[in-house]
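For reference, the chains in residue letters:
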Amino acid sequence: MEATIPSRRIQVRPRNRANIVIQVTLLTLTVLTLYGLVTIDARNVEFFAAFGDMLANFRVVLFEARLKNLSWFDLFRELMVTVGLGLLTTVFGAVPAFFFALFAAQNLAPRRVTDAVKAVMAFVRAVPTVLWVLFFAVTVGLGAAAAVIGMTFHSISYLVKAYAETFEELDEGALEALRASGANWWQTVFQAVVPSSASAILSWTFVRFEINFSVAIAMGATAGAGGIGYDMFMASSFYLDLRELGIFTYAVLIFAILLEWGATRLKETVGATR
Amino acid sequence: MSLLEIENVSKRYGSETLALNSVAFSVEAGEFVAIIGPSGAGKSTLLRCINRLIDVSSGDIRFDGVSVPKLRGAALRRHRTQIGMIFQHYNLVNRLSVIENVLHGRLGYKNTLQGILGLYTEYEKREAVRILETLGLSEQMYKRCDQLSGGQKQRVGIARALVQQPKMLLCDEPIASLDPSSAKVIMDTLRDINQTMGITLLVNLHQVDVALHYAERIIGINRGQVIYDGPPQALNNEQIYQIYGSEAGELILDLKERYAA
Ligand SMILES: Nc1ncnc2c1ncn2[C@@H]1O[C@H](COP(=O)(O)OP(=O)(O)OP(=O)(O)O)[C@@H](O)[C@H]1O
Ligand SMILES: [Mg+2]
């Protein structure tokens, strides 16, 4: 036993390529950050005055919030428009994503197919949602339709990756057992793959809904998709009404907290039956 | 005509591993055959070639007069329904109930839509319940499989294979993950299935003493080749040495103890 302990220092972390790349990347980022701080051009900005103004604005937004152009009912309706946009694009994304993911999982489809599906999805995912929305705006015009199509597009690619990885983690044994008893591919999918991965699929879909909710706000502001994002845009750059902007911020914040709470509850109940 | 005829079957993984090397034997209906051999000998590969979870590289397998290597689509599914399989790790869908897992054994008989929706006939459900009762699992019927003990899970696996109404069962190390008393229950159950239902058994086993105790025929495999094929009584220490190579020492000792007892 003693003979196997080497006399030189023992390396716990192997000196492989992945570790070296990580270290070099961190070092580079540190250097760039320091360089940026030292050389930033702040001559035209009165730093302390600007900082004070910012705090004052924050105070107005957070502590003097009130509605003016919209009623409470309008606020609720606009919030629901945004929620609807997030929900719709999530559902529209989840259904095709499920079927694509079956063909992207290596334990369910041949290698050639999974590679092709994964490559296409990686490309779609690499382009940010906003760009997809603008891209579709060329054909259907800027507005809700472009936002729905563009967000759905990106949701599909995101969910395909999440679902396919879930499928690939499944116990190969159960699939083999069903195949051995004469079940065909679709039967195996719905009798073994779906029941085993239902909770993971549900939580990934919910994660995407949270993402789509915040993207829907941004789309309202930038792509004319309507909803609370548009109202925030109008309040901040058209009416210049920081107080009304404050109410919108609170509304979004409260809804986001509710969503987070719902997600946690969902995971708890799903986890309990796991 | 024998139920299962294996003729000159070879299986190659990649270019190096020859997992099966010209294996040939036949099995009559109703036999209880144990396949023994060291780790990596090719036991699992052999069983999986029989129900075509793996394609053979060369040779022919005939089951009930049908040549297995050429089967495709519906004919392959029909072939598989006639052969039940039991696994070391049970291979159940853990998140489903016992009865749902048992009914999976009927999927091979259903069309795609019925299978997807899990639409089983009243007769099939009654059969599943009856089999669960004979295996002593009626209490567990609606429990989720991840709440069962290892021995219970393996009995669910057996029930799933039995609702197929198979002619033959392939068992890949059915007791390797079980404690001795559960292992005994499982082996007794298998013997009972063989004797009362007349179902042919092909069982991969690590434990030579168990194989000698239960099987009426032993096939010993080493490096993909059949080294021994005959009754347990005729298996001597030298042959065990040939099957297991250097690992044989302990096993031979076990065997002596068994014969001394
Ligand atoms: N999918 C595979 N790809 C490549 N080689 C494989 C594959 N499956 C098995 N082998 C090789 O084939 C040989 C036989 O394997 P097999 O699993 O049939 O052995 P076994 O007798 O069942 O062993 P054990 O008792 O450990 O289960 C081994 O050398 C193994 O490494
Ligand atoms: Mg094996």
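Quick notes on the rules
- Every chain's residues receive numbers from 1 upward, in the order its sequence appears when written.
- Here chains are named by letter from A upward and ligands by number from 1 upward, in the order in which they appear as written.
- Only residues with pLDDT of 70 or above have their local features reported here, since the model is predicted, and side-chain atom pairs are shown and tallied only from 80 upward, although totals for entire chains, interfaces and linings are computed over all residues.
- Side-chain measures here rest on the full set of heavy atoms in the structure, leaving out hydrogens and waters.
- Secondary structure elements follow DSSP: runs of H or I no shorter than four residues count as helices, runs of E no shorter than two count as strands, and numbering proceeds from the N terminus.
- The atom set for the radius of gyration is the C-alpha atoms, and the globule formula is 2.2 Å times the number of residues raised to the power 0.38.
- A 1.4 Å probe rolled over the protein chains alone gives each residue an accessible area, and that area as a share of the maximum for its type sets the label: buried under 20%, exposed over 50%, partly exposed in between.
- In what follows, a contact means two residues having at least one pair of non-hydrogen atoms within 4.5 Å.
- Where accessible areas are quoted, they stem from the Shrake-Rupley method and a 1.4 Å probe; at the residue level, only the protein chains shown are allowed to cover.
- When at least one non-hydrogen atom of a residue lies within 4 Å of a molecule or strand, that residue is treated as near it.
- Counted as a polar contact is a pair of N or O atoms within 3.5 Å, where, for protein atoms, one must be capable of donating a hydrogen and the other of accepting one, and residues adjacent in sequence contribute only when both atoms are in side chains.
- Gly falls in the polar group here, along with every residue not listed as nonpolar (Ala, Val, Leu, Ile, Met, Phe, Trp, Tyr, Cys, Pro) or charged (Asp, Glu, Lys, Arg).
- Paired strands, as defined in this entry, are two strands with at least two bridges between them according to DSSP.
- Just to be clear on terms, a salt bridge is a Lys or Arg side-chain nitrogen sitting within 4 Å of an Asp or Glu carboxyl oxygen.
- Defined here as a combined quantity, buried area equals the accessible surface (1.4 Å probe) lost by two parts on assembly, summed across both.
- Here the axes come from fitting lines to C-alpha atoms, over the contacting stretch only for helices, and the angles between their N-to-C directions go from 0 to 180 degrees.
- Each aromatic pair joins two rings of Phe, Tyr and Trp (for Trp, the six-membered one) with centres within 6.5 Å, and gets the label stacked for planes under 30 degrees apart, edge-to-face for over 60, and tilted for any other angle.
- For a Lys NZ or an Arg CZ to count as sitting over a ring, it must be within 6 Å of the ring centre and within 35 degrees of the ring normal.

> Give a description of the overall build of chain A that names residues and reports values.
For chain A, the count of helices and strands is 10 helices and zero strands. Sequence-ordered secondary structure for chain A, helices as α and strands as β, is α-α-α-α-α-α-α-α-α-α. The C-alpha radius of gyration computed for chain A amounts to 25 Å, which surpasses the reference 19 Å derived for 274 residues by more than 25%, pointing to a less compact arrangement than a globule. Overall, chain A is about 70 × 60 × 40 Å in size when its C-alpha atoms are taken along their principal axes. Of all 274 residues assigned to chain A, the portion counted as buried reaches 39%. Here the analysis covers contacts within chain A between residues at least 6 apart in sequence; of these, 75% occur between residues at least 24 apart. With the model as given, the accessible surface of chain A reaches about 16400 Å², and the carbon-plus-sulfur share is 70%.

> Break down the site of ligand 1 for me, with residues and values.
All names here are of chain B. Of all residues adjacent to ligand 1, which total 13 residues, the nearest are S39, G40, K43, S44 and T45. Residue S39 places a side-chain N or O atom 2.6 Å away from an oxygen atom belonging to ligand 1. In the environment of ligand 1, an oxygen atom lies 2.8 Å from a nitrogen or oxygen atom belonging to the backbone of G40. Residue assignment for the shell around ligand 1 shows that the elements contributing at least two residues are β2 (17-27) and α1 (43-50). The dominant element in the shell around ligand 1, judged by the number of residues it contributes, is α1, at three residues. Residues belonging to the shell around ligand 1 are distributed by class as follows: four nonpolar, seven polar and two charged.

> Lay out the pairing of strand β8 (residues 200-205) of chain B in plain terms, naming residues and giving numbers.
All names here are of chain B. When you tally the buried positions in β8, you get six out of six residues, the bulk of the element. Pairing between strand β3 (residues 32-36) and β8: five bridges, direction parallel. Looking at β8, one finds that I35 is bridged to N204. Bridge count for strand β7 (residues 168-172) against β8 is five bridges, and the pairing is parallel. The residue of β8 that forms the bridge with M168 is T200.

> Lay out the pattern of salt bridges in plain terms, naming residues and giving numbers.
All names here are of chain A. In total, this model carries 25 salt bridges over all chains according to the counting rule given. Two residues, K118 and E168, come together in a salt bridge whose shortest N-O distance is 2.9 Å. Taken as a pair, K118 in helix α4 (residues 111-126) and E168 in helix α6 (residues 144-168) lie far apart in primary sequence, 50 residues in all. Classification of K118 by relative accessible area gives partly exposed; the value is 30%.

> Can you tell me about the interface of chain A and chain B, naming the residues and giving the values?
In this complex, chain A contributes 23 residues to the contact, which on the side of chain B involves 29 residues. Roughly 2000 Å² is buried in total at the junction of chain A and chain B, and carbon and sulfur atoms are behind 54% of that figure. At the junction of chain A and chain B, the tally comes to one salt bridge. Linking E176(A) and R48(B) is a salt bridge whose minimum nitrogen-to-oxygen distance equals 2.6 Å. There are 12 residue pairs in polar contact (both at pLDDT 80 or more) connecting chain A and chain B. Element by element, the count of residues in the side of chain A that touches chain B is highest for helix α8 (residues 185-222) of chain A, at eight residues. Grouping the constituent residues of the side of chain A that touches chain B by class yields 10 nonpolar, nine polar and four charged.

> I'd love a proper account of the sheet that holds strand β4 (residues 58-63) of chain B, names of residues and values included.
Residues and elements named next belong to chain B. Here four strands make up an open sheet; going across it, the order is β2-β1-β4-β5 and the pairing antiparallel. Since the sheet does not close on itself, it has two edges, and those belong to β2 and β5 (66-67), each with one partner. Examined bridge by bridge, strand β1 (residues 4-13) and β2 share seven bridges and lie antiparallel to one another. Note that in β2 the partner of R12 across the bridge is L18. Here α1 sits on the sheet in contact with β1, β2 and β4, set at roughly 60 degrees to β2.

> An account of the side chain of S155(A) is requested, with residue identities and associated values reported.
By the secondary structure assignment, S155(A) is in helix α6. Excluding residues within four positions of it along the chain, S155(A) makes contact with T89(A), G93(A), R208(A) and N212(A).

> Pulling in residues and values, what's your account of the sheet that holds strand β6 (residues 83-86) of chain B?
Residue and element names in this part refer to chain B. As summarised here, the arrangement of the six strands in space is β6-β7-β8-β3-β9-β10, forming an open sheet in which the pairing is mixed. With partners counted over all chains shown, the strands left at the sheet margins are β6 and β10 (225-230), one partner each. When strand polarity is set aside, the average angle formed by the axes of neighbouring strands in this sheet is 15 degrees. The sheet contacts of helix α6 (residues 150-162) involve β6 and β7, and relative to β6 the element is tilted by about 170 degrees.

> Residue-level account of the packing of aromatic side chains, with values.
All names here are of chain A. A complete count under the given rule lists 17 aromatic pairs over all chains for this structure. Here F123 and W132 contribute two aromatic rings whose centre-to-centre distance is 6.5 Å and whose plane-to-plane angle is 85 degrees, an arrangement assigned as edge-to-face. On the basis of relative accessible area, F123 is assigned to the exposed category, the value being 54%. Residue W132 is classed as buried on the basis of its relative accessible area of 9%. In textbook terms, an aromatic cluster arises when at least three aromatic residues are bridged by ring pairs, as seen for F98, F99, F103, F167, W185, W186 and F190. Here the guanidinium or amino end of R208 rests over the ring plane of Y158, the centre of that ring lying 4.9 Å away.

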